[in-house]
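# Notes for the structure review
The primary structure of each chain is shown beneath.
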Amino acid sequence: MLGSPCLLWLLAVTFSLVPRGQPLTPQGFEEEEEDETPWPPLSPVPCDYDHCRHLQVPCKELQGAGPRACLCPGLSSPAQPPDPPRLGEVYMVVEEGRAVVHWCAPSSPVHQYWLLLWEGSRAPQKGPPLNTTVRRAELKGLKAGGAYVVCVVAANEAGESSVPGADGESLEGANFPDFGPCRRLAVPPRPLTLVHVAVGVGTGLALLSCSALVWHFCLRERWGCPRRRR
């Protein structure tokens, strides 16, 4: 069979031209895994925390609430009393005898706040304790035309923030910084009081004018009017 050697030779040439697949090795899997580089972690951002925001959620709770890590502002040591809060705007409602006080939290751990109110040389009145989320409180019972001093105090386990007059010092003539924990309040007179004063002054002037006219006519009838000479 002359065709058999030729057929074998053709088969050998055909198989030699077919490319051989390379066997898969664990090294190949490692190279593919190294090519898949992981995404870099998201950099943390500052937490949505405002020292002056009323009913502000504590920053530690904000860190665990969002999907992305955030950074809280730095605080002083909890083993030290807190720094004084910064007293902000004071909105007065003269007709109702009250005022709304706003403040900003210090950069310290705080467990509670309260307000101190001085009227003249009297001892200060201490308000009720307020939790750490509060940044606004109301003063009631203010007298029209009265002069007061209000201070906000922050406290933690180590103590409370310092305020002038807490040790019995006199606050008369004391100067309070613009961004400190205390401020003077001068309650203006009520609008109705001003109206009453104006009416009283007008009535007094009218009576005085009437009295002057009566006195003038009485003198005229008694002494008579001087006649002109012709």
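Everything in this summary refers to the structure shown in the same document.

We now examine the pairing of strand 7 (residues 136-139). Consecutive side chains along a regular strand alternate between the two faces of the sheet. Residues A137 and L139 line the buried face of strand 7, whereas the alternating positions R136 and E138 sit on a face that is not buried. For strand 4 (residues 98-104) and strand 7, the ladder comprises 4 bridges, and the chain directions are antiparallel. Paired with V100 across the two strands is E138, which belongs to strand 7.

Right, let's get into the side chain of H102. Within the element layout of this structure, H102 appears in strand 4. With residues up to four places along the chain from it excluded, the contact list for H102 reads C52, L87, G88, E89, R135 and R136.

A separate point is the sheet that holds strand 7. On the basis of which strands lie adjacent, the open sheet formed by 3 strands has the order 3-4-7 and antiparallel pairing. Strand pairing shows two members of the sheet lacking a second neighbour, strand 3 (86-93) and strand 7, which therefore form its edges. Neighbouring strand axes in the sheet, compared pairwise and without regard to direction, differ in orientation by 20° on average.

The rules we used
Here the residue index of a chain counts from 1 through its sequence in written order. With the structure being a predicted model, the display of local features is reserved for residues of pLDDT at least 70 and the display and counting of side-chain atom pairs for 80 or more, all residues being used for whole-chain, interface and lining totals. Only hydrogens and water are set aside when side-chain values are computed; all heavy atoms of the structure are taken into account. The buried label goes to any residue with under 20% of its type's maximum accessible area, the exposed label to any with over 50%, and the partly exposed label to all in between, with areas taken from a 1.4 Å probe on protein chains only. Counting from the N terminus, the helices are DSSP H or I runs at least four residues long and the strands are E runs at least two residues long. Paired strands, in this sense, are two strands between which DSSP finds at least two bridges. The contact rule is simple, with two residues in contact once any of their heavy atoms fall within 4.5 Å. Only the stretch in contact is used when a helix axis is fitted, and all axes are lines through C-alpha atoms; the angle between N-to-C directions ranges over 0 to 180 degrees.

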